[in-house]
Structure formats: C-alpha cells, structure tokens
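Here is what each chain is made of, one letter per residue.
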Amino acid sequence: MITVLVKKKKNDITKVVIKGHAMYDDYGKDIVCAGVSSIATTTVNAILKIKKESIQLEESPDLTISVLITDEITESLLENMIELLYELTESYPKNIKIKEDRTDD
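Conventions adopted
- Each chain has its residues counted from 1, following the order in which its sequence is written.
- Given that this is a predicted model, residues contribute local features only at a pLDDT of at least 70 and side-chain atom pairs are listed and counted only at 80 or more, while totals for whole chains, interfaces and linings are drawn from all residues.
- Where side-chain values are given, they derive from all heavy atoms of the structure, hydrogens and water being excluded.
- Working definition: helices are DSSP H or I runs of at least four residues, strands are E runs of at least two. Numbering for both runs from the N terminus.
- Put simply, the radius of gyration uses C-alpha atoms, and a globule should come to 2.2 Å times the residue count raised to 0.38.
- For every element, the axis is a line fit to its C-alpha atoms; helices are fit only across the contacting stretch, and the angle between N-to-C directions ranges from 0 to 180 degrees.
- Roughly parallel means an angle under 35 degrees; roughly antiparallel means over 145; roughly perpendicular covers 65 to 115; every other angle is labelled oblique.
- Contact between two residues is taken to exist if any of their heavy atoms lie within 4.5 Å; hydrogens are not considered.
- Residues are grouped as follows: nonpolar covers Ala, Val, Leu, Ile, Met, Phe, Trp, Tyr, Cys and Pro; charged covers Asp, Glu, Lys and Arg; every other residue, Gly included, is treated as polar.
- Exposure above 30% relative accessible area and no salt bridge define the residues that can form patches, which grow by joining like charges within 9 Å and nonpolar side chains of Val, Leu, Ile, Met, Phe, Trp and Tyr within 5 Å.
- Accessible surface is estimated by sampling points in the Shrake-Rupley manner with a 1.4 Å probe; for residues, cover comes only from the protein chains shown.
- Salt bridge, as used here: a side-chain nitrogen of Lys or Arg that lies within 4 Å of a carboxyl oxygen of Asp or Glu.
- Residues scored as charged are limited to Lys and Arg (positive) and Asp and Glu (negative), so that His and the chain ends carry no count.
- Each charge is placed at NZ for Lys, CZ for Arg, CG for Asp and CD for Glu.
- Burial classification: accessible surface area is computed with a 1.4 Å probe over protein chains only, and a residue below 20% of its type maximum counts as buried, one above 50% as exposed, and the rest as partly exposed.
- Strand pairing requires that DSSP identify at least two bridges connecting the strands.

A. Structural view of the overall build of the chain. Within the chain, the regular secondary structure consists of 2 helices and 5 strands. When its helices and strands are written in sequence order, the chain yields β-β-α-β-β-α-β. Computed over C-alpha atoms, the radius of gyration of the chain comes to 13 Å, within 12% of the 13 Å expected from 2.2 N^0.38 for 105 residues, which places it in the range of a compact globule. Expressed along its principal axes, the backbone C-alpha trace of the chain runs to roughly 40 × 30 × 25 Å.

B. Highlighting the packing of helix α1 (residues 31–51) against helix α2 (residues 72–91). The interhelical angle for the contact between α1 and α2, taken along N-to-C directions, is 175°, at an axis separation of 10 Å. Overall, the two elements α1 and α2 adopt an arrangement that is roughly antiparallel. Counted together, Val-32, Gly-35, Val-36, Ile-39, Ala-40, Thr-43, Ala-46, Ile-47 and Ile-50 of α1 and Ile-73, Thr-74, Leu-77, Leu-78, Met-81, Leu-84, Leu-85 and Leu-88 of α2 form the full contact between these two elements. The residue makeup of the contact of α1 with α2, split by class, is 14 nonpolar, 3 polar and no charged.

C. Representation of a positive patch on the surface in the model. Together, Lys-7, Lys-15, Lys-97 and Lys-99 line one region of the surface with positive charge. Tracing the chain through its elements places Lys-97 in strand β5 (residues 96–103). Lys-97 sits in the partly exposed class, given a relative accessible area of 49%.

D. The arrangement of the sheet that holds strand β4 (residues 63–67) in detail. Here we have 5 strands laid out as an open sheet, ordered β3-β4-β2-β1-β5, and mixed in their pairing. Looking along the sheet, the strands with just one partner apiece sit at the ends: β3 (55–59) and β5. Averaged over all pairs of adjacent strands, the angle between strand axes in this sheet comes to 15°, irrespective of strand direction. Bridge count for strand β1 (residues 2–9) against β5 is 8 bridges, and the pairing is parallel. Each bridged residue has a counterpart across the sheet, and for Leu-5 the counterpart in β5 is Lys-99. Helix-sheet contacts for α1 involve β1, β2 (12–19), β3, β4 and β5, and the interaxial angle to β3 is about 145°.

What follows is the structure in structure tokens.
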C-alpha cells in the first residue's frame, strides 16, 4: 500500500511523505503507482519551475517534500496534489491511504 503523510501547521502544508508500493499489479505495470508518481512529479516540477527555493526534496526510497517557504502558489499546488491523491483513494482504497497530521502551534 502507498501511504501519504501530509503534515500541516495551522492550515499550511509543511511536509508530504509518499512511501510504499500500491501492490495493485506487478512492478512496472501498476497503474496506481504510476498515477501517484505522475501526480507527485508534475506537482514537484511545477513548484521547482516557479519557485525552486520553496521546497526541499528527499528521494531515498520515499519521496519527502519539505516546504521551506510557504506562499500562495506552492500551497495551491500542494493542495491540488493532495486533492488528486484523495481522488485516487476513492477508486483504489486498498492501494493508497492518506493521513493528515495537523498542529496548531
């Protein structure tokens, strides 16, 4: 199962961690993994093209997106990514799970 952890401080996303394998099909043929990868890659590439210094990436073996500078564009793109991932969970609830961790301080 792919797990997505979304950390928020107040209402702002501070970190997103995507890990695991969907196990929907064999490695290389898994449409759920491909969907998650496409959504995440498109989002990260858009943020890096618009404002490279707003995020930091770690890709070993999980994808961790740490928000360094919160701005309207970065927040909007990350919120859109999370909404798209939630849409995937509706079709593939056994293969992807999203957890949100919020703090108010």
